[in-house]
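Architecture at a glance
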Amino acid sequence: MDPVPAPPPHRSLRLLPWALLAVILGGVAVWYTVTGPAADEEEAVAPLDGAASLQELAERAPETPAVDDVAPDFDVELFGGGSFTLSEHLAADGRPVILNLWASWCGPCRTEMPVIDAFADDHPEVAVVGVAVLDDIALAEQFADEIGVSYPLGFDDREQVTVGYRVTGLPATFWIAPDGTIVKR
């Protein structure tokens, strides 16, 4: 008796290896997104309107304010309560402002902020305020608690500072004169 030849494979069975490959690649992509080296940074960074990178953000944002330009106004909620509005500060207080932009994921910020804190302590004639940009608020609050500086720290939850000051790299610091113009950046 002759053996019965096997029927040709069903079309759907020929696609099985491709389907398995797609499932495996999808699983790897999900795993990498959750545990990959950039996962924490991606969660910490909230790109402006879906910008995929700081370079794309730089291309979309307006020009960085230059020395002698009027500093863009902003209002931020401060950690621990209260708020800081640049225009209100300048009108009511009159002291120049050092605006330091930082983020929890910024290594140089961790080094710089204690130095700025020492300056703030030594120079009460200058108002110093730090604003977390391109960050996650919970991570920024945790960082603020860890770093323990005495000057007010807030969060750019509406991206006013990010857009107004064209944040493309951190840390970034602006010296704002009592008349509201940028003296140094």
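For the structure itself, consult the block above.
The structure contained in this document is the topic of the report that follows. Since this is a predicted model, take the numbers as computed values, not measurements.

Now for the environment of aspartate 136. Inspection of the secondary structure puts aspartate 136 in the loop between strand S4 (127–132) and helix H7 (137–147). On the accessibility criterion, aspartate 136 (28% relative accessible area) is partly exposed. Separated by 3.1 Å, the side chain of aspartate 136 and the backbone nitrogen of alanine 138 make a polar contact. Here leucine 139 takes part through its backbone nitrogen, which lies 3.1 Å from a polar atom of the side chain of aspartate 136.

This paragraph deals with the packing of helix H6 (residues 107–122) against H7. Relative orientation of the contacting elements H6 and H7 amounts to 45°, with a least axis distance of 11 Å. Between H6 and H7, the angle falls in the class oblique. For H6 against H7, the interelement crossing comes out right-handed. Contacts between H6 and H7 involve Cys109, Arg110, Met113 and Pro114 from the former and Phe143, Glu146 and Ile147 from the latter.

The next thing to look at is the layout of surface pockets. Space inside the second largest pocket adds up to approximately 150 Å³. Forming the boundary of the second largest pocket are Ile98, Glu112, Ile116, Phe119, Thr173, Phe174, Trp175, Lys184 and Arg185. Of all elements in the fold, only H6 and strand S6 (172–176) reach the threshold of two or more residues within the lining of the second largest pocket. Taken together, the residues of the lining of the second largest pocket break down into five nonpolar, one polar and three charged.

Along H6, the helix axis deviates most sharply at methionine 113, where the bend reaches about 25°; the proline proline 114 sits within four residues downstream. At its buried positions, H6 is contacted by strand S3 (97–102), S4, H7, strand S5 (153–155) and S6.

Next up on the list: unusual backbone geometry. Cis geometry is found at the peptide bond from leucine 170 to proline 171, where omega equals 0°. With respect to the helices and strands, proline 171 occurs in the loop between helix H8 (160–164) and S6. One non-glycine residue, leucine 134, adopts positive backbone phi at about 50°. Tracing the backbone through its elements, the reader meets leucine 134 in the loop between S4 and H7. Take leucine 134: its relative accessible area is 6%, and that puts it in the buried class. Here glutamate 159, not a glycine, exhibits a phi torsion of approximately 60°, which is positive.

How each quantity is defined
- Residues numbered from 1 in each chain as written.
- Predicted model: local features only at pLDDT ≥ 70, side-chain atom pairs only at ≥ 80, totals over all residues.
- Heavy atoms only, no water.
- Helix = DSSP H or I, 4+ residues; strand = E, 2+ residues; numbered from the N terminus.
- Buried < 20%, exposed > 50% of the residue type's maximum accessible area, 1.4 Å probe, protein only.
- Polar contact = N/O pair within 3.5 Å; in protein donor to acceptor, adjacent residues only side chain to side chain.
- Axes fitted to C-alpha atoms, helices over the stretch in contact; angles between N-to-C directions.
- Parallel < 35°, antiparallel > 145°, perpendicular 65-115°, else oblique.
- Left-handed = near helix turned anticlockwise from the far one by under 90°.
- Contact = heavy atoms within 4.5 Å.
- 1 Å grid on protein atoms, 1.4 Å probe; cavity = no way out; pocket = protein on both sides within 12 Å on 5 of 7 lines; lining within 4 Å.
- Points joined across faces, edges and corners; volume = space filled by probe spheres on them.
- Nonpolar A, V, L, I, M, F, W, Y, C, P; charged D, E, K, R; others polar.
- Bend = angle between axes of the 7 residues up to and from the residue.

Keep in mind these numbers describe shape, not what the thing actually does.
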